[in-house]
Amino acid sequence: MNAILSIAKTTIGEAIRRKVLLIILLIGVLFLVIAPGLNVLSARSSFAVLISFTLGVIQLTGAVIAIVLTVYLIPNEIERRTIYTILCKPVHRWQFVLGKYFGAVGALGLMMLLMTGILLLVFKIMQPTATFDVLGEIARGPVFFFIQMSILAAVAMCFSVFASPIVNFFLSGGVFMVGTLFSPVFQDLANNQNLAGPVKMAATAIHTILPNFAQYNIQNPIINQGVTIQSEQLYYVGLLGYAVMYIAGLLIGAILIFDRREV
Amino acid sequence: MSLAIETNQLTKTYKTRAGQVSVVKNLDLQVERGEIFGFLGPNGAGKTTTIKILLGIIYGTSGWAKVLGEEAGDINVHKKISYLPEKPYYYEHMTGMEIMQFYASLFGIKDKAQCERLLQRVNLGMDMNRPISQYSKGMQQRVGLAQSLLNDPELLFLDEPTGGLDPIAHIEIRDLILKFREEGRTVFISSHELSDVERICDRVAIINKGELVHQGRLEDLLAGGRIEITASGVTQALADKFRSDDVLVSFKGDRLIVDMPDSDSPNEMLDSIRSEKGSVVSVIPRRKRLEDLFLESVRSDNQAKGRVLNKMSDDHNDPKPSAEEETEVGS
Ligand SMILES: Nc1ncnc2c1ncn2[C@@H]1O[C@H](COP(=O)(O)OP(=O)(O)O)[C@@H](O)[C@H]1O
Ligand SMILES: [Mg+2]
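Residues numbered from 1 in each chain as written. Chains lettered and ligands numbered in written order. Predicted model: local features only at pLDDT ≥ 70, side-chain atom pairs only at ≥ 80, totals over all residues. Heavy atoms only, no water.

Q: Looking at this structure, I do not really get the overall build of chain A. What am I missing?
A: Across its full length, chain A holds 11 helices and zero strands. A compact globule built from 263 residues should have a C-alpha radius of gyration of about 18 Å, and chain A, at 20 Å, falls within 12% of that. Dimensions of chain A, computed from C-alpha atoms along their principal axes, come out at roughly 60 × 50 × 30 Å. Across the 263 residues of chain A, 52% fall into the buried class. At a minimum sequence separation of 6, the contacts of chain A that also span at least 24 residues come to 79%. When the accessible area of chain A is evaluated, it comes to approximately 12700 Å², of which 73% is carbon and sulfur surface. One finds the centroid of the 15 positive side-chain charges in chain A at a distance of 8 Å from the centroid of its 9 negative side-chain charges. (Helix = DSSP H or I, 4+ residues; strand = E, 2+ residues; numbered from the N terminus. Rg over C-alpha atoms; globule rule 2.2 N^0.38 Å. Buried < 20%, exposed > 50% of the residue type's maximum accessible area, 1.4 Å probe, protein only. Contact = heavy atoms within 4.5 Å. Areas by Shrake-Rupley, 256 points an atom, 1.4 Å probe, with all protein chains shown as cover. Lys, Arg positive; Asp, Glu negative; His and termini not counted. Charge placed at Lys NZ, Arg CZ, Asp CG, Glu CD.)

Q: Even after reading the chapter, I still don't get the side chain of A:Thr10, so can you show me in this structure?
A: Along the polypeptide, A:Thr10 turns up in helix α1 (residues 2–15). A:Thr10 gets classed as buried once you look at its relative accessible area, which sits at 5%. Ignoring anything within four residues of it in the chain, the contact list for A:Thr10 reads B:Tyr91, B:His93, B:Met94 and B:Phe102.

Q: What am I meant to see in the coordination of the magnesium ion (ligand 2) here?
A: Perfect tetrahedral coordination of a metal by four donors corresponds to 109.5 degrees between them, and perfect octahedral coordination by six donors corresponds to 90 or 180 degrees. Residue and element names in this part refer to chain B. Protein-derived coordination of the magnesium ion (ligand 2) comes from Thr48 (OG1) and Glu86 (OE), at a distance range of 2.0 to 2.6 Å. Of this pair, Thr48 sits in helix α1 (residues 47–55) while Glu86 sits in the loop between β6 (81–84) and α2 (96–106), placing them 38 residues apart in sequence. Residue class for Thr48 comes out buried when judged on its relative accessible area of 18%. (Donors = N, O, S within 2.8 Å, 3.2 Å for Na, K, Ca; no water.)

Q: It is not clear to me how the domain arrangement of chain B should be interpreted in this structure. Could you clarify?
A: Accessible area lost upon the coming together of the parts is a frequently used measure of interface size. When the domains of chain B are assigned, the result is domain 1 (3–80 + 153–221) and domain 2 (226–286). Using C-alpha coordinates to define each centre, domain 1 of chain B is positioned 42 Å away from domain 2 of chain B. (Domains from an automatic or database assignment.)

Q: Honestly, the sheet that holds strand β7 (residues 155–159) of chain B in this entry has me stumped. Any pointers?
A: By definition, the strands of a sheet pair up through backbone hydrogen bonds, in either a parallel or an antiparallel sense. Residues and elements named next belong to chain B. Spatially, β6-β7-β8-β3-β9-β10 is the arrangement adopted by the six strands of the open sheet, whose pairing is mixed. The sheet is open, and its two borders are formed by β6 and β10 (211–217), each paired with just one other strand. Averaged over neighbouring strand pairs, the angle between their axes works out to 15 degrees when direction is ignored. (Pairing = 2+ DSSP bridges. Axes fitted to C-alpha atoms, helices over the stretch in contact; angles between N-to-C directions.)

Q: Explain the packing of helix α6 (residues 93–126) of chain A against helix α7 (residues 132–160) of chain A to me, please; I cannot follow it from the model alone.
A: In a pair of packed helices, the angle between the axes and the distance between the axes together describe the arrangement. All names here are of chain A. Orientation of α6 relative to α7, taken along the N-to-C sense of each, is 155 degrees, at an axis distance of 9 Å. As summarised for this structure, α6 and α7 are arranged roughly antiparallel, according to the angle between their axes. Remark: the crossing between α6 and α7 carries right-handed chirality. Residues Val97, Lys100, Tyr101, Val105, Leu108, Gly109, Met112, Thr116, Leu119, Leu120, Phe123 and Lys124 of α6 touch α7, and the partners they reach there are Leu135, Ile138, Ala139, Pro142, Phe145, Phe146, Met149, Ser150, Ile151, Ala153, Ala154 and Met157. (Parallel < 35°, antiparallel > 145°, perpendicular 65-115°, else oblique. Left-handed = near helix turned anticlockwise from the far one by under 90°.)

Shown next as structure tokens:
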């Protein structure tokens, strides 16, 4: 446990100093800050548009950071040989993989926290009368984005034990895009009673294998159209449970591959 | 008690675009406990590969390797050994002290005072709160040695520990390594810089192209030195009397130079020079240097296998420009 935490802490320390990530973060923050200005200029200026735009910025920035951060984690360790000084100690390889992953998630969390803070600040300035309830409502979006990005980081981590960073970048990016854009489509197909068996099975298979990123866009009413929510809390717990299972599966895969890999 | 390190017919084969290459071939090593063992060979000989197998970072293709009596890579063995990689790099944002605490935590050590003590031991007491990015190469190497002592290891693997350091840093590192032996540790040190190793190793193995060409006590390997006698006022006739199969005699101006094996005593020769009214200018014992042995071994090994010494460096650059770098980045 000690080893995992130490490796995670070091990984966070390194990640929050990486210039590429800071630049991406800066661009995201910049968009958040100028969003109200853009909103005023646009024709259909409205609060709803502003919210959906700023949340989109946080999601996209988060996704790019998650991928760029994670694809280099293990390759960099190997290139700089720091991995050797760690693996020659009484540290299991699974501890190393988990430490790296939790470090990535930690750094990602910090960066998304910063963006969320700035988002709330912008809203408070735009609408000085906004209550904590309203702000809390807005903050819910980024919380689920964070869970979404944790899955994405696990996807990238899993690829990173066998793919080069560049290949991994496109693989993970592709999985994220498909999982975000098409998950609802496959879900519909899988649930459609009128379809032929094989098509349904294929749709179900894809729907099960691909992480369903879309369901974490909780503020998008179009995506969550079909879902009738009995209990909001239960629904959120379900989302969290799905993420935990999914991440666990991906990390176990990564560890199994990494365990016999030569580094 | 078991040997510190033992390998048996250890072989490591890589599949490359050019086909199968064995970078370690049927290697038999025996390292005794408590000795400083020099693992020598030119660049690309397979030293780092062997060390990585001994640590369980990569795996041998055939043969076996044992470290402290256990199979290489055993996690319990890792508690008792430590490793300083070739050209190491440490997380640059951390200070020397933070680096030490990081590695200490990997052993479950929480004692901050111990980290401090070890940093002081390698003369970094004053600099321990500066970030690593401000450290010189020598200082970084000393942090490396300090962290390698955290678990009070029985056995240390040092891969080219003086590589790329200036002469003063060389001496500092060498003195630290000598202390390790005094403390009863076994040190396995790889190097292609012989001057360092020569003064500190008890035994050495020389490998070339993955194969063992020599292994033994340094004294035995270096036995068979020569003595050079220079004298003046010696007649040609006397000089001819000295000449034999193993004794080289030559004149440089009016000075006689005799080059003889140190297994013979020079007394007789010195007496006859003096009795003939010659005068002895100097008597210099020339111990065989490790460098000679090394070059000799590598050269004859290459010749035996139809390779040319000069080609060694080309071999390295030719088929794959940065074979070594490629290795590090992963396969
Ligand atoms: N993963 C690999 N694939 C192919 N060749 C490799 C790999 N790793 C090392 N080598 C080759 O093995 C040889 C020995 O390398 P190494 O053990 O680093 O030598 P040394 O440490 O003695 O300089 C080199 O020629 C190197 O190019
Ligand atoms: Mg090497």
